[in-house]
Amino acid sequence: MKDCTIVGGGPSGLSATLVLGRARRNVILVDNNEARNKVTSAANGFVTRDGIKPAEFREQAHKEFSEYPTIETMEDKVVKIEKLKEGFIIKTQLGKEWTTRKVILATGVKEKFPNIPNLRDFYGKSIYNCPYCDGWELRDKPLALFGIVNYTFHTAEILRNWSQDLIVFTNGQELTKSQAQRMKKSKLRVETSPVLLLTGKDGILQKVELENGLVIDRVGGFVTPELVQATELGTKLGLKLNDKGGHHSDEVGNTKIDGLFVAGEASNIYPSQLIIAAASGAETAMAVNVELTHEGVLGSQKHI
Ligand SMILES: Cc1cc2nc3c(=O)[nH]c(=O)nc-3n(C[C@H](O)[C@H](O)[C@H](O)COP(=O)(O)OP(=O)(O)OC[C@H]3O[C@@H](n4cnc5c(N)ncnc54)[C@H](O)[C@@H]3O)c2cc1C
C-alpha cells in the first residue's frame, strides 16, 4: 500500500511530492499534464524562478525527485477514487489500480471564459488572467479587460496600477449603478457592446471589434474567467465546495473525509499563483506525514 497518492503535478502536487519523498514516504504522483498554465511561455513572480517556462518548472521538479527512492511518478489520469475502511483504491484511465493510505488532490482549476469568439487564441500570449503574473510585461500599454464575474471590477481597479490606458469590455452586459459608479471613480472607460471578434497575429492582440461597429486598438490585456474545479473526484467522495469554489478543508488541506487532503487551487482558488500553490502543497504534505506518523506508519527504510 502506498503511503500517499498525489493527484495532479502542478506546483502544489510537485511540492507535496518532494516534501513527502524527503520524509521517506512511499508516494506516487499521477499527472495527466493538462495544467492550465501550459498556454503561457513564462511563469513570473516565483522568487529565484521569475520568468521560468512552465514545462521547465516541472522538469526541474522531476529531476529533483530522482534523488529520492520512495517517489514514483506516472503520466496518467485518475478516474476514480474509492474509499475503503482504511485508505483508498485509486483507478486510472490506463487501467492501473493500487491502494493508498492517504490522497492529496492537487488537481487545480479550469477556466470558464466569457462568450467571446477566439479569446482562447490569445490566452497566455497577450491576454492573461492575473495582473500580478503578467502586469509587469504589459505595463503602460493600451489594455483590454474582458468578462463580467464578481471580481472583474476589482481587477479593473487594480490594473490601473500597471496601465491607465485600460478599457473594460463587458460583452453585452450592462453595469449596475454601483458598478458604473466604481468605474467612474476609477476614471475607466467601459464598453458594453458585445465583442464580435478579436484580431491580431500569433496570439498578440491588435484590435477588438464590437457589435456596435467600433474597432478599438489594444495590444493585450486580461480576462476574468470563472474558475471551477478541474475534477469531480473530491465531490464524488462527498466533499463540498466552499463559497469561493475550493474544496472545504482546514488550513492545511485536511478534509472531513478521513485520509483525503486537498492542496493548491483544489483547496484555495484565490490568489492564483505558483508560489502560493507550492506553499500549500508543502504544508499539506507535512500534515499528511504527521497523520501517518501518529497512526504508527513510519517512513520507508529504502535506500538508493
Ligand atoms: C495563462 C496563465 C498564466 C499564468 N501565469 C502565472 C505566472 O506568471 N505566475 C504565477 O505565479 N502563476 C501564474 N499562473 C497561475 C498558476 O499557473 C496557478 O496558480 C498554479 O499552476 C496552480 O497550481 P496547482 O498545483 O494548484 O494546479 P495546476 O498547476 O493547475 O496543476 C493541476 C494538475 O493536476 C492535473 N490533473 C487534474 N486532474 C487530474 C486527474 N484526474 N488525474 C491526474 N492529473 C490531474 C492537471 O493536468 C495539472 O497538471 C498562470 C495561470 C495561467 C492560466
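Residues numbered from 1 in each chain as written. Predicted model: local features only at pLDDT ≥ 70, side-chain atom pairs only at ≥ 80, totals over all residues.

### Topic: the overall build of the protein
Argument step 1. Looking only at helices and strands, one finds seven helices and 17 strands in the protein.
Argument step 2. Rg of the C-alpha trace for the protein: 21 Å, near the compact-globule value of 19 Å for 304 residues, within the 12% margin.
Argument step 3. Counting only C-alpha atoms and orienting by the principal axes, one finds that the protein spans roughly 65 × 35 × 35 Å.
Argument step 4. Burial analysis of the protein (304 residues in total) assigns 39% to the buried set.
Argument step 5. The long-range share in the protein, meaning contacts at least 24 apart out of those at least 6 apart in sequence, stands at 62%. (Helix = DSSP H or I, 4+ residues; strand = E, 2+ residues; numbered from the N terminus. Rg over C-alpha atoms; globule rule 2.2 N^0.38 Å. Buried ≥ 20, exposed ≤ 12 C-beta atoms within 10 Å, placed from the backbone. Contact = placed C-beta atoms within 7 Å.)

### Concerning the sheet that holds strand E11 (residues 189-191)
Argument step 1. Reading across the sheet, the five strands line up as E8-E15-E9-E10-E11 and stay open at both edges, with parallel pairing between neighbours. Edge positions in the sheet fall to strand E8 (127-128) and E11, since each of these pairs with one other strand and no more.
Argument step 2. Where strand E9 (residues 143-146) lies against strand E10 (residues 166-169), four bridges are found, and the strand directions are parallel. Residue pairing in the sheet places Phe146 in a bridge with Phe169 of E10.
Argument step 3. Sheet strands touched by helix H4 (residues 152-159): E9, E10 and strand E15 (220-223). Its angle to E9, the strand with the most contacts, is close to 165°. (Pairing = 2+ DSSP bridges. Axes fitted to C-alpha atoms, helices over the stretch in contact; angles between N-to-C directions.)

### With respect to the nonpolar core
Argument step 1. One finds Val7 and Ile104 to be the most contacted residues of the largest nonpolar core, which totals 29 residues.
Argument step 2. Going through the elements one at a time, strand E1 (2-7), helix H1 (11-22), strand E2 (27-31), strand E4 (78-83), strand E5 (88-92), strand E6 (97-105), strand E17 (260-262) and helix H7 (274-294) are the ones with two or more residues in this core.
Argument step 3. Ignoring any residue separated from it by four or fewer positions in sequence, one finds Val7 in contact with Val30, Val78, Val103, Ile104, Leu105, Ala106, Thr107 and Leu233.
Argument step 4. Counting residues in each nonpolar core, the second largest holds 23 residues, with Phe122, Ile127, Leu138 and Phe146 among its members. (Core = buried A, V, L, I, M, F, W, Y, C linked by C-beta atoms within 7 Å.)

### Things to note about the site of the ligand
Argument step 1. Looking at the ligand, there are 42 residues lining it, with Gly8, Gly10, Gly108, Cys133 and Gly264 nearest.
Argument step 2. The set of elements that each furnish at least two residues to the shell around the ligand consists of H1, E2, helix H3 (131-134) and H7.
Argument step 3. When its residues are assigned to classes, the shell around the ligand shows 17 nonpolar, 19 polar and six charged.
Argument step 4. Both of domain 1 (2-110 + 227-294) and domain 2 (114-223) provide at least three residues apiece to the shell around the ligand. (Near = placed C-beta within 6 Å. Nonpolar A, V, L, I, M, F, W, Y, C, P; charged D, E, K, R; others polar. Domains from an automatic or database assignment.)

### A short note on the domain arrangement of the protein
Argument step 1. As far as domains go, the protein holds domain 1 (2-110 + 227-294) and domain 2 (114-223).
Argument step 2. Distance between the C-alpha centres of domain 1 and domain 2: 32 Å.
Argument step 3. Opposite the six residues of domain 1 that make contact, domain 2 presents eight residues.
Argument step 4. Classifying every residue of the side of domain 1 that touches domain 2 gives one nonpolar, five polar and no charged.

### Some words on the packing of H1 against H7
Relative placement of two packed helices is described by the angle separating their axes and the distance separating the axes.
Argument step 1. Two numbers describe how H1 lies on H7: the axes approach to 7 Å, and their chain directions differ by 35°. Of the two elements, H1 crosses H7, and the hand of that crossing is right-handed. Side by side, H1 and H7 meet where Pro11, Ser12, Gly13, Leu14, Ser15, Ala16, Val19 and Leu20 of the first sit next to Leu274, Ala277, Ala278, Ser280, Gly281, Ala282, Thr284, Ala285, Met286, Val288 and Asn289 of the second.
Argument step 2. Its residues assigned to classes, the contact of H1 with H7 shows twelve nonpolar, seven polar and no charged. (Left-handed = near helix turned anticlockwise from the far one by under 90°.)

### Quick word on the environment of Thr152
Argument step 1. Relative to the assigned elements, Thr152 resides in helix H4.
Argument step 2. In this structure, the C-alpha to C-alpha distance between Thr152 and Asp50, residues 102 residues apart in sequence, is 26 Å.
Argument step 3. Excluding residues that lie within four positions of it along the chain, Thr152 makes contacts with Leu145, Gly147 and Thr224.

### Considering the environment of Leu241
Argument step 1. Positionally, Leu241 belongs in the loop between helix H6 (233-236) and E17.
Argument step 2. Accessibility expressed as a C-beta count within 10 Å gives 14 for Leu241, which makes it partly exposed.
Argument step 3. Taking the C-alpha atoms as reference points, Leu241 and Cys130, separated by 111 residues in sequence, lie 23 Å from one another.
Argument step 4. Residues within four places of Leu241 in sequence aside, it is in contact with Gln229, Gly246, His247 and His248.

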